[in-house]
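Letter by letter, the chains look like this.
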Amino acid sequence: MTMRIGVVTFPGSLDDGDAARAARIAGAEAVRLWHGDPDLHGVDAVVLPGGFSYGDYLRCGAIARFAPVMESIIKAANGGLPVLGICNGFQVLCEAHLLPGALTRNQHLHFRNRDQWLRVQSVDTAWTNGYTEGQEILIPVKNGEGCYVADERTLDALEAEGRIVARYIKGNPNGSQRDIAAITNEAGNVVGIMPHPEHAVEALTGPSLDGLGFFTSVLRALAGATAGGQQSGGHQ
C-alpha cells in the first residue's frame, strides 16, 4: 500500500513542487492540496512547504494560518496526523499554535542562503525516526525570518521534554535562540524545521541526500502505525 503525502500550495508557495518530488523519491504518492479547499483527500501525512505564503503580509504565516485547508490540518494534527512544516511552513505551524514560539527577522537582518550543518537531537518524531541521535546532516537553509524565539519557560520545556528536533552547528545562520533549527509538539507528529530537507534528496541538485530521511521516516512511522493497527485488530 502506497502512503499518500499531501503537499499544500498557498499563494506564494515556492517549494511545494520540491516537497512533492521529495515525497515521490521517498516512495510515497504526492497529493497536491489547495489552500482554499478544506478537503485533505484522505492523505496519510501533510507537508507545509517553504515560500512566502500570501506575500508574507502581516507576519510570515499569519494569513495562511486561516486558510480553509489549515482548519482541517489543525484538527487532523491534533488527532495524530503527521505534519511537517518547512521554513514558511514552520512559521504557519507556529501561527496556528500547533508549535510554540515564533520565527522572527534574522538577527543580522540579511537573507541567508547556504548549505547548513545540523545536529539531529530527537529521533522520536514521525519525521526523524530514520536518523540516529546526534547525527550531523547537511541541508540548505534560505530565509530572511528564520530566527526562532520563545520565552525562557518554553525554551526550558522544549529542552526538558526532548522536543528540540535539530540544532544548527558550525554556525547559526539566523540567531535562533539556543541554536534551534527544528522542534516538535508533545506527541511527536508535528515538526517544524527552518532549513529545507526537500532540497537535499538528490545528488544532482543537493549538497547531500541527508534530507531524504525526513520523508522516509514518516513512511516508516505510517507503516508501523498501520501494522500495529492490523495486529491489534487481529486480537479482537
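The following refers to the structure shown. Quick caveat, the model's predicted, so the values are computed rather than measured.

## Focus: the sheet that holds strand β7 (residues 136–143)
Pairing is mixed in the open sheet, where nine strands are placed in the order β2-β1-β3-β4-β11-β10-β9-β6-β7. Of all strands in the sheet, those bounded by a partner on one side alone are β2 (29–34) and β7. Across this sheet, the average inter-strand angle for adjacent strands is 25°, counted without regard to direction. Pairing analysis gives three bridges linking strand β9 (residues 164–168) to strand β10 (residues 180–184), with the strands arranged antiparallel. For arginine 167, the partnering residue across the bridge sits in β10 and is isoleucine 180.

## So, a nonpolar patch on the surface
Where nonpolar side chains cluster on the molecular surface, the patch consists of Leu14, Phe52 and Phe111 and spans about 300 Å² of accessible area. Considering the arrangement of structural elements, one finds phenylalanine 52 in the loop between β3 (45–48) and α2 (68–78).

## Describing the pairing of β9
A large share of β9 lies buried, amounting to five of its five residues. As paired strands, strand β6 (residues 112–120) and β9 are joined by three bridges and run antiparallel to one another. Considered in β9, the bridge of leucine 118 is made with tyrosine 168.

## Section: helix α4 (residues 152–160)
Turning to α4, its buried residues number three or more, namely Thr154, Leu155 and Leu158. For α4, the angular spread of buried residues about the axis comes to 100°, placing them on one side. Opposite its buried face, α4 presents the exposed residues Arg153 and Ala160, each directed more than 90 degrees away. By the N-cap criterion, in which a side-chain oxygen at the helix start approaches the backbone nitrogen of a residue two or three places on, α4 is capped by aspartate 151, the distance to arginine 153 being 3.1 Å. Glycine 162 lies just past α4 and shows a positive phi near 65°.

About the thresholds
Residues numbered from 1 in each chain as written. Predicted model: local features only at pLDDT ≥ 70, side-chain atom pairs only at ≥ 80, totals over all residues. Heavy atoms only, no water. Pairing = 2+ DSSP bridges. Helix = DSSP H or I, 4+ residues; strand = E, 2+ residues; numbered from the N terminus. Axes fitted to C-alpha atoms, helices over the stretch in contact; angles between N-to-C directions. Patch = residues over 30% accessible without salt bridge, like charges linked within 9 Å, V, L, I, M, F, W, Y side chains within 5 Å. Areas by Shrake-Rupley, 256 points an atom, 1.4 Å probe, with all protein chains shown as cover. Salt bridge = Lys/Arg side-chain N within 4 Å of Asp/Glu carboxyl O. Buried < 20%, exposed > 50% of the residue type's maximum accessible area, 1.4 Å probe, protein only. Arc of directions from axis to C-beta. Polar contact = N/O pair within 3.5 Å; in protein donor to acceptor, adjacent residues only side chain to side chain.

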